[in-house]
Amino acid sequence: MLVNPIKRAYLALESWFNVSFGTEWNPMYHLGTLTFFLFWIILVSGLYLFVFFHGSINGAYESVEYITHEQWYVAGVMRSLHRYASDAAIITILLHLFKEFASGRYRGFRWFSWVSGLPIIWLVVTLGITGYWLVWDELAQYVAIGSARLLDSLPIFSSSMTSNFLQGQMTDRFFILIEFLHLLGQPLILFFLLWLHVKRISNVEINPPRGLAMGCFMALVALSLIKPAVSHGPADLSSMPSMLELDWFYLNAYPLMDYWSEGYTWLLATAITVVLMLLPWAPPKKDGPAAVVDLAHCNGCELCFDDCPFEAISVQARTDGAKFEKEVVVDPALCASCGICMGSCPSSNPFRQSEEELKTGIDMPALPVDKVRSLTKEAVAAMSGQANVLLVGCEHGFNVNRLDNDETRGVKLMCSGMLPPSMVEYALKKGADGVMIVGCRHNDCFFRFGNLWIDKRFSGERKPILRKRADRRRIRVFGGSETDKRSIENELKAFRQELLELNKNVIDNVASEDSSDA
Amino acid sequence: MLRAKIRQMLSLNNKVIRYILQAINYSLFMALIWYFSTSPVYRQLADDEAILTISFAHAGEIKEPCVKRTQKELMALPPNMRAPMNCSRERSPIVIEMMFDGEPLYSETAEAPGLYNDSGVDIYHSVKVSAGKHHLAIRMDDSVLKEGFTHVFEQDVDIKPAQILLVGFNPSKGFIVR
Ligand code: HEM
Ligand code: SF4
Ligand code: SF4
């Protein structure tokens, strides 16, 4: 099957990290939270530096020298951590962007997360720029003059900013402005943008797994000790520093501007931003029809509300006069059409209304629960092997229908989390020897929580649970992407072998029971 | 049998192998930050280069001379507007030319900004030059009424490598080199 090369490259990278970190600690699954963690490091180290920093043209450089050399063991390490965590954040942000893009998670209902992520990059970069400015060394001078040139090239300010940085012109006023921006203004805007960025998703994780956070922190501390961050010579506006050790994560625009021009640098940065902004609509992607609530089958239990990954469901007072207190409403504008809510609803029970059309409290018009039940029934009936396995897959992971044969049949849902646990029992009851759920890779559900909820429902941690009486030996959960055909086949083979053993034992037991009866 | 044994050994070592792989990943991550936080070194100026910056604010002369209003003209105006002289507010553009060792280095004609072209002009220009002894000549014309350049300046300069040689202007003192 054809998988686009960018996605293939991403999946390979992800696999490599799965091998080295395992699926729980895989940094590719925690890039957003890792960035948050780096921000905490930056915040704490920044507060410490602030204690010793003097925000004036004449005091800044000396105070940073003190931080770096006199008190190298704490303040110096803090300075290095502050710098390196900021650099690391650029790496995690770019990987985060790449991941969301490569895995197609930027279009349709996700446009909001995508578009609200982009201004964050601008803000983070300018935050780094004002940070380098505060040191007031030769690099700061370069950055100050470069920034002034960039601003001067815009038709906004009538007087020349650059002339502020001529010999003898520079005042503390300017310095205090930059200090205010770096210490207060920009961080506040950043927190607002981050809040906005995760507004449309529920159960947002802020912290990465402890092991990953520890590893990352130790790496940064080690780097800070091996290569402490240092300043250039003090700023001197009567001369131009000829050699600069630039931080290319933050300051790459300036050499480009020297090489090209201010105008072209603006043009390039703006063009990249605009192109990225428009990506979700090139071409536009239509999400399926939104989930629909059927109050006749809803008791207001709120399970769907708890499980919706995209804040599309809200709870309100009952409106239909039924004896229940609450009901749920879906906001179609926010609905991703993932179907997870259908899997949460206790009414999505295939053993109900077995003779008529199955109705549930919240259903997907594109693939209603009744249809899921009949597909399951048909798939089970169509198999004729020794150990028949029903594969339940989704639209975003591995295509289960690729493995269809006499003893294997796939049913594709929108998301594995759409599967009501009772449907598994139903399939076994209808004659499947085993049920294998093949969602996205573990911890990397396209709809965020599908495979997580499946795990928790099956282990009894989260409602609706898979009942104890369902034979766990006949149920397998194994995630995989489009490129994981081989490992899924191997897992299926091993599973089938176990089922054959189980079947044999059942036959033996039945036979021995028969003989003892005789 | 043998296979099972190997598999068992591998799974025992699995944790160790994983930590080694993680260490490799973290090292790569550190190496990336290590390198790009300061390298490659960016060279702004060659060893024998310096910067010449000209920067000043200056308002050009009023474009037209004031004319005395005739009695008739005065009467046509509302009483509170009857100023005896009629002065236009429009200012002349600033024309500036800079020669470096006889070669043109920079020239500009800056129109006076403002709604009525009545404001002062900010001149700012910065160029790379070679360090050493040079001859600098600057001519400026700030009035359309006067024939030729209104300000002329010449000086021998000795520029140190990496120096920013700053040329300013002051209406009373003319051009100044710092
Ligand atoms: C400082 C920078 C950023 C931080 C801290 C950050 C953080 C996060 C977090 C915590 C999530 C939620 C992940 C989850 O719980 O599933 C998220 C989701 C997302 N981010 Fe970012 N982000 C940043 C920048 C960006 C940028 C630059 C983009 C791309 C333009 C972007 C695009 C997305 C998208 C598309 C999602 C959607 C995830 C989903 O719906 O499952 N983010 N981000
Ligand atoms: S389909 Fe998905 S996004 Fe829409 S309401 Fe249900 S759980 Fe929420
Ligand atoms: S899970 Fe079903 S019954 Fe519970 S609130 Fe949602 S629609 Fe109603």
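All of these numbers come straight from a predicted model, not from anything done at the bench.

## Here's the deal with the pairing of strand β11 (residues 174-177) of chain B
Residue and element names in this part refer to chain B.
In step 1: As defined by bridge partners, strand β10 (residues 164-170) adjoins β11 across four bridges and the pair is classed as antiparallel. Following the sheet pairing, valine 167 is matched in β11 by valine 177.
In step 2: Linking two consecutive strands that pair antiparallel, namely β10 and β11, is a turn of three residues.

## Regarding the sheet that holds strand β5 (residues 94-100) of chain B
All names here are of chain B.
In step 1: Strand order in the open sheet formed by four strands is β6-β5-β8-β9, with antiparallel pairing between adjacent strands. Two strands in the sheet have a free side with no partner beyond their single neighbour: β6 (103-110) and β9 (151-159). When the angles between neighbouring strand axes are averaged without regard to direction, this sheet yields 15°.

## Regarding the coordination of the iron atom of ligand 1
Each donor-metal-donor angle would ideally measure 109.5 degrees in four-coordinate tetrahedral geometry, or 90 or 180 degrees in six-coordinate octahedral geometry.
Residues and elements named next belong to chain A.
In step 1: Donor atoms from the polypeptide that bind the iron atom of ligand 1 are His96 (NE2) and His197 (NE2), placed at 2.0 Å.
In step 2: Taken together, the six donor atoms coordinating the iron atom of ligand 1 span angles of 84 to 179° at the metal, a pattern that classifies the geometry as octahedral. Linking histidine 96 in helix α4 (residues 72-102) with histidine 197 in helix α7 (residues 172-197), this pair joins segments that are 101 residues apart in sequence.
In step 3: Owing to a relative accessible area of 22%, histidine 96 belongs among the partly exposed residues under this scheme.
In step 4: A relative accessible area of 15% means that histidine 197 is categorised as buried.

## Details of the pattern of salt bridges
Residues and elements named next belong to chain A.
In step 1: Scanning the entire structure with this criterion turns up 23 salt bridges over all chains.
In step 2: Note that glutamate 302 is salt-bridged to lysine 326, the shortest N-O span being 3.3 Å. Of this pair, glutamate 302 sits in the loop between β2 (292-293) and α12 (303-307) while lysine 326 sits in strand β4 (residues 326-330); the two residues are 24 residues apart in sequence, bridging distant segments of the chain.
In step 3: The class of glutamate 302 is partly exposed, set by a relative accessible area of 21%.
In step 4: The network of salt bridges with common partners includes Glu14, Arg441 and Asp484.

## Regarding the site of ligand 1
Residues and elements named next belong to chain A.
In step 1: As a structural note, the neighbourhood of ligand 1 is formed by 23 residues, with His96, Arg105, Arg110, His197 and Arg448 the closest of them.
In step 2: A distance of 2.7 Å separates a nitrogen atom of ligand 1 from a polar side-chain atom of histidine 197.
In step 3: When contributions to the shell around ligand 1 are tallied by element, the ones reaching two or more residues are α2 (31-52), α4, α5 (111-134) and α7.
In step 4: The greatest single-element share of the shell around ligand 1, amounting to six residues, is contributed by α5.
In step 5: Per-class residue counts for the shell around ligand 1 are twelve nonpolar, six polar and five charged.

## Some words on the site of ligand 2
Residue and element names in this part refer to chain A.
In step 1: The local shell around ligand 2 holds 13 residues, among which Cys308, Cys335, Cys338, Gly339 and Cys341 are the closest.
In step 2: Here ligand 2 occupies the second largest cavity.
In step 3: Its residues assigned to classes, the shell around ligand 2 comprises eleven nonpolar, two polar and no charged.

## Description of empty space enclosed by the protein
Residue and element names in this part refer to chain A.
In step 1: Going through the model one piece at a time under the given rule, you end up with three cavities of 30 Å³ or more.
In step 2: In this structure, the largest cavity spans a volume of roughly 110 Å³.
In step 3: Taken together, Lys7, Leu11, Glu14, Ser103, Arg105, His396, Gly397, Cys440, Arg441, Asp444, Phe446 and Ser481 make up the lining of the largest cavity.
In step 4: Residues that form the lining of the largest cavity fall into these classes: three nonpolar, four polar and five charged.
In step 5: Quantified by volume, the second largest cavity comes out at close to 80 Å³.
In step 6: As for the second largest cavity, its lining consists of 15 residues, and the residues nearest its centre are Cys308, Ala312, Cys335, Cys338 and Cys341.

## Thoughts on the domain arrangement of chain B
In step 1: As assigned here, chain B comprises domain 1 (1-42) and domain 2 (49-63 + 91-177).
In step 2: Placing a centre on the C-alpha atoms of domain 1 of chain B and another on those of domain 2 of chain B gives a separation of 61 Å.

## With respect to the interface of chain A and chain B
In step 1: Taken together, the contact pairs 47 residues of chain A with 31 residues of chain B.
In step 2: Carbon and sulfur atoms make up 66% of the surface buried where chain A meets chain B, a total of about 3700 Å² over both sides.
In step 3: On the surface where chain A and chain B come into contact, there are zero salt bridges.
In step 4: At the junction of chain A and chain B, the tally comes to 16 residue pairs in polar contact (both at pLDDT 80 or more).
In step 5: Counting only elements with at least two residues in the side of chain A that touches chain B, the list comes to α1 (5-25), α4, α6 (138-152), α8 (210-226), β1 (243-244), α9 (248-251) and α10 (253-259) of chain A.
In step 6: Per element, the largest residue contribution to the side of chain A that touches chain B is nine residues, and it comes from α8(A).
In step 7: Looking at the side of chain A that touches chain B residue by residue, the classes come out as 26 nonpolar, 15 polar and six charged.
In step 8: Pairing of β1(A) with strand β1 (residues 42-43) of chain B involves two bridges; the strand directions are antiparallel. Across the sheet, the residue bridging to Leu244(A) is Tyr42(B), located in β1(B).

Calculation rules
Residues numbered from 1 in each chain as written. Chains lettered and ligands numbered in written order. Predicted model: local features only at pLDDT ≥ 70, side-chain atom pairs only at ≥ 80, totals over all residues. Heavy atoms only, no water. Pairing = 2+ DSSP bridges. Helix = DSSP H or I, 4+ residues; strand = E, 2+ residues; numbered from the N terminus. Axes fitted to C-alpha atoms, helices over the stretch in contact; angles between N-to-C directions. Donors = N, O, S within 2.8 Å, 3.2 Å for Na, K, Ca; no water. Tetrahedral: all angles 85-135°; square planar, octahedral: opposite > 155°, others 65-115°. Buried < 20%, exposed > 50% of the residue type's maximum accessible area, 1.4 Å probe, protein only. Salt bridge = Lys/Arg side-chain N within 4 Å of Asp/Glu carboxyl O. Near = heavy atom within 4 Å. Polar contact = N/O pair within 3.5 Å; in protein donor to acceptor, adjacent residues only side chain to side chain. Nonpolar A, V, L, I, M, F, W, Y, C, P; charged D, E, K, R; others polar. 1 Å grid on protein atoms, 1.4 Å probe; cavity = no way out; pocket = protein on both sides within 12 Å on 5 of 7 lines; lining within 4 Å. Sits in = over half its atoms within 2 Å of the grid points. Points joined across faces, edges and corners; volume = space filled by probe spheres on them. Domains from an automatic or database assignment. Contact = heavy atoms within 4.5 Å. Buried area = accessible area lost by both parts, 1.4 Å probe.

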